[in-house]
Structure formats: structure tokens, C-alpha cells
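The residues making up each chain are set out below.
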Amino acid sequence: MKKTLFAAALLLCALTVSARPYKHSVGLNMGSASGISYKGYIGDSEHFITVLDLNCKVGVTKGAYFYNQYPSNSLQKYYEAEYGKDSEYFRHSDKKGKYVYWTCEFNPNLGYQREIADFGGATMQWFIGGGISVGMAQIASYGDGVTQKDAWKSMKDARKAYHDILKDNEHDDHIYAGVGGLNLKGGKDIEEYHRPYVFKAGINLLTGFEVCFKNAPVALGIDVRPGCTELLDFTVTKEIPFVEGGKEKTSEDATRIYSMTHFDWSASMSLRFLIGQ
């Protein structure tokens, strides 16, 4: 009886150890998000995983663009009185914008993975989870006579104009800040002093499938990552004149804040090399 229980315990341990196809893996992502990736099981867990990716991403999306010219309380009151509280000079939003974009980002995720099929020579795994992303981005609008091709070109032109002007200036404080590529009108007018790169922070869902081969330390996967992203940019303007209490004054440094919220997504394939169990 004891021997039977001992054998059963050994069998259970063997099944438990072999339940996950690997301990660690490294590989490449290829698709709308492309880059390098680590995926592994957390501790001795058979199902909980972490996925760490460093990706470059391209996409097409819709989003809402906002800017608040001067969040300084005194400046805000002055410009609201001067131009009107809801004027485009002070505050603007466009909730119908269509955009193309690219990002370079770090994307850590936590998830749950388990086997759903055994084909003899390979197993299929399903996983679901979520994570955050931080990095840099560039985005440009299209529509109203501006094609997607125009928008992609505008971002290239913005990068060139930005780096050209930096060659003759020690800093970029005077360069127009804003979220997006160049503001094109009919695909022709170019804003030459636009700072193209912005900070990106987002959240995402992660789900997909992975096939792990038993006779080779290799896995092939596919995943999708729908999410939401906030793009932020700011610039500091020095000594802005304004009027308060009937007296002319000069502000200290005033920060312009620009932000954009948009649907962020990717669909990619992965090739991973498996390490240990």
C-alpha cells in the first residue's frame, strides 16, 4: 500500500513538473509590433507567466487630441478673459481625428497560460493577461485631403526639420511642441519647427496562442494586444506678458501641456527559443 502511494506520488510529481513546456524563453516579435521578447513562468508556478517586450510598433487609429495652453492660474484667467474660455487659442479638442503612428516602447505584462491541446509532437498553449507600456512615439493625422501616405511622409519631414534646426541651436525650448506629426493642410503646408517625439504611456490586454514543440526547444506564437494610450508633450515658455488686476505683469516660466488619448493595438507573431523547465 505504501509502495503504491509512493509510486502515485512520484507519478503526480512527474506530471506536475512536465505540465509547463518550459521555464524561460527568449525570442523575436514580428508584425505590427516587432522587437525582442522574454517570456517565462513565475517561480514554480505552472500557469502564471511574465512577458517582457521591447518593441517598435506601427499602426492606424482614432483618437482625441487635447491641449491646454497655460495651466498657470493667472495666465489661465487672463487668456480666458482675452480670448474666451472655450476659444481654440486656449483649449482645443478633436474627438474625430484619424491618425497613423509609431512607437518605441517597453511593454511588461503578467498573464495566465495553460495547455489546451496535445498533438503528439507539440502542445498548444492559450494565454491571457495584461500590462503597461512606456516609451516614445510620433503620430500624425490624416483626412480632409491628407492621405495616410501624406501623414507618414509628414512625420519623416518633421523629424528632419527638427534635427536640422537643432544643429543651429543649443536647445529646443523655442520649438513648437504638440502631439503629432506636422499639421498639414492639403498635404502641402509644413510647420518647420515642430518637436516630433512625445512620451507614451499605456495599458493593454494580452491574449493569444502558442505552439511548443516537444522535440525542439522552439515555440511559435501569435498574440493581439488591444489597449489605450496617452501621449504627452510639453514645452516651457519664458516671460509671457499678461494683465492681472489692471496691471501689466510678466509670468515666470509657463508650461504648455499637450496630450492625446487613442486606441492602441498590435497583432504579432513570435518565435521563441525555450530554456529549461
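Procedures and definitions
- Residues numbered from 1 in each chain as written.
- Predicted model: local features only at pLDDT ≥ 70, side-chain atom pairs only at ≥ 80, totals over all residues.
- Heavy atoms only, no water.
- Helix = DSSP H or I, 4+ residues; strand = E, 2+ residues; numbered from the N terminus.
- Buried < 20%, exposed > 50% of the residue type's maximum accessible area, 1.4 Å probe, protein only.
- Contact = heavy atoms within 4.5 Å.
- Areas by Shrake-Rupley, 256 points an atom, 1.4 Å probe, with all protein chains shown as cover.
- Polar contact = N/O pair within 3.5 Å; in protein donor to acceptor, adjacent residues only side chain to side chain.
- Phe/Tyr/Trp six-rings, centres within 6.5 Å; stacked < 30°, edge-to-face > 60°.
- Lys NZ or Arg CZ within 6 Å of the ring centre and 35° of its normal.

*Asks:* Please clarify how the overall build of the chain should be interpreted in this entry.
*Replies:* The helix and strand inventory of the chain stands at 3 helices and 14 strands. For the chain, buried positions account for 40% of its 277 residues. For the chain, the share of sequence-separated contacts (at least 6 apart) that also reach a separation of at least 24 residues comes to 69%. Total accessible area on the chain stands at roughly 15,500 Å², and carbon and sulfur atoms take up 62% of it.

*Asks:* Honestly, the side chain of Lys 200 in this entry has me stumped. Any pointers?
*Replies:* With respect to the secondary-structure elements, Lys 200 resides in strand S8 (residues 198-213). With relative accessibility at 0%, the residue Lys 200 sits in the buried group. In this structure the side chain of Lys 200 is engaged in a polar contact, spanning 2.8 Å, whose partner is the side chain of Asp 264. Contacts of Lys 200, omitting those with residues within four sequence positions, involve Lys 57, Thr 103, Glu 105, Ser 133, Val 134, Gly 135, Met 136, Ala 137, Thr 229, Glu 230, Leu 231 and Asp 264.

*Asks:* Sorry, what's going on with the environment of Asn 204 here?
*Replies:* If you trace the backbone, Asn 204 turns up in strand S8. It is 5.6 Å that separates the C-alpha atoms of Asn 204 and Pro 226, two residues lying 22 residues apart in sequence. Once residues lying within four places of it in the same chain are set aside, the contact partners of Asn 204 are Asn 107, Asn 109, Gly 129, Gly 130, Gly 131, Ile 132, Arg 225, Pro 226 and Gly 227.

*Asks:* Before we go on, may I ask you to explain the packing of aromatic side chains in this structure?
*Replies:* The geometry of an aromatic ring pair is captured by the separation of the ring centres together with the interplanar angle, meaning the angle of the planes. What the rule picks out here adds up to 3 aromatic pairs. Geometrically, the ring pair formed by Phe 48 and Tyr 112 is edge-to-face, given 5.6 Å between the ring centres and 70 degrees between the ring planes. With Phe 48 in strand S3 (residues 48-68) and Tyr 112 in strand S4 (residues 91-118), this residue pair connects regions lying 64 residues apart in the sequence. Taking 6.3 Å as the distance between ring centres and 70 degrees as the angle between the ring planes, the aromatic pair formed by Trp 102 and Tyr 197 counts as edge-to-face. Taken together, the residues Trp 102 in strand S4 and Tyr 197 in the loop between strand S7 (194-195) and S8 connect sequence positions 95 residues apart. In this structure Trp 102 comes out as buried when scored by relative accessible area, which is 16%. Over the aromatic face of Phe 127 sits the side chain of Lys 39, whose NZ or CZ is 3.9 Å from the ring centroid.

So far we have only geometry, and geometry alone does not tell us how the molecule works.
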